[in-house]
Amino acid sequence: MLKNDYLMEMIGAMCRAVSEMIFKRSKKEYAECHSLANDQYQSLLGMSLDMILSLASETVFDLLGNFGEVEPKKVLTLVDLLKEDSEVFRAEANDATADAIREKCEDLLNLLDRYDLDDEALAELDKRMADFGID
């Protein structure tokens, strides 16, 4: 119960950050967007975006688990955050970073797709994969 409450609080904070990033991106406040994203990367994984991008996708995926147990909500929430951060980089005309983030997202989604997920997680995964054009 406590673990579930903590996870829901963390996911809620990340969702609020993504919403705020969308708003700030519309106002071209890119530095604030990156700051929000970095705070959430630190909260979830204890590392920066540069570190996330430099690690193998499998390693990042494993870090999102809980004692070997897959945590689909964490993976999907990280993908949402990364996707919005990539949109900010794209708005700044930093296509190389935006593309690297997009590739990391696709890798994480493909890794999650290998697992037997409940119906709710599977529906969310399918939605994200469709957003990225993954079959």
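The structure under discussion appears in the preceding block.
Residues numbered from 1 in each chain as written. Predicted model: local features only at pLDDT ≥ 70, side-chain atom pairs only at ≥ 80, totals over all residues. Heavy atoms only, no water.

Caption draft 1: The pattern of salt bridges, seen in detail. If you walk through the whole model with that rule in mind, you get 9 salt bridges. For the salt bridge of glutamate 124 with arginine 128, the shortest nitrogen-to-oxygen distance reads 2.6 Å. Of this pair, glutamate 124 and arginine 128 both sit in helix H7 (residues 119–131), 4 residues apart, roughly one helical turn. Judged by its relative accessible area of 31%, glutamate 124 is partly exposed. Of the residues examined, arginine 128 reaches a relative accessible area of 11% and is grouped as buried. One salt-bridge network, held together by shared partners, links Lys24, Lys27 and Glu29. (Salt bridge = Lys/Arg side-chain N within 4 Å of Asp/Glu carboxyl O. Helix = DSSP H or I, 4+ residues; strand = E, 2+ residues; numbered from the N terminus. Buried < 20%, exposed > 50% of the residue type's maximum accessible area, 1.4 Å probe, protein only.)

Caption draft 2: Molecular detail of the packing of helix H2 (residues 30–45) against helix H5 (residues 72–91). It is at 10 Å that the axes of H2 and H5 come closest, and there the two elements cross at 155°. Viewed along their axes, H2 and H5 adopt a mutual orientation that is roughly antiparallel. The handedness of the crossing between H2 and H5 is left-handed. Facing Tyr30, Cys33, His34, Ala37, Gln40, Tyr41, Leu44 and Leu45 of H2, the residues of H5 in contact are Lys74, Leu78, Leu81, Leu82, Asp85, Val88, Phe89 and Ala91. Class assignment of the residues belonging to the contact of H2 with H5 gives a composition of 12 nonpolar, 2 polar and 2 charged. (Axes fitted to C-alpha atoms, helices over the stretch in contact; angles between N-to-C directions. Parallel < 35°, antiparallel > 145°, perpendicular 65-115°, else oblique. Left-handed = near helix turned anticlockwise from the far one by under 90°. Contact = heavy atoms within 4.5 Å. Nonpolar A, V, L, I, M, F, W, Y, C, P; charged D, E, K, R; others polar.)

Caption draft 3: Highlighting the environment of cysteine 15. By the secondary structure assignment, cysteine 15 is in helix H1 (residues 2–26). Taking the C-alpha atoms as reference points, cysteine 15 and aspartate 119, 104 residues apart in sequence, are found 21 Å from one another.

Read these as spatial facts, not as claims about activity.
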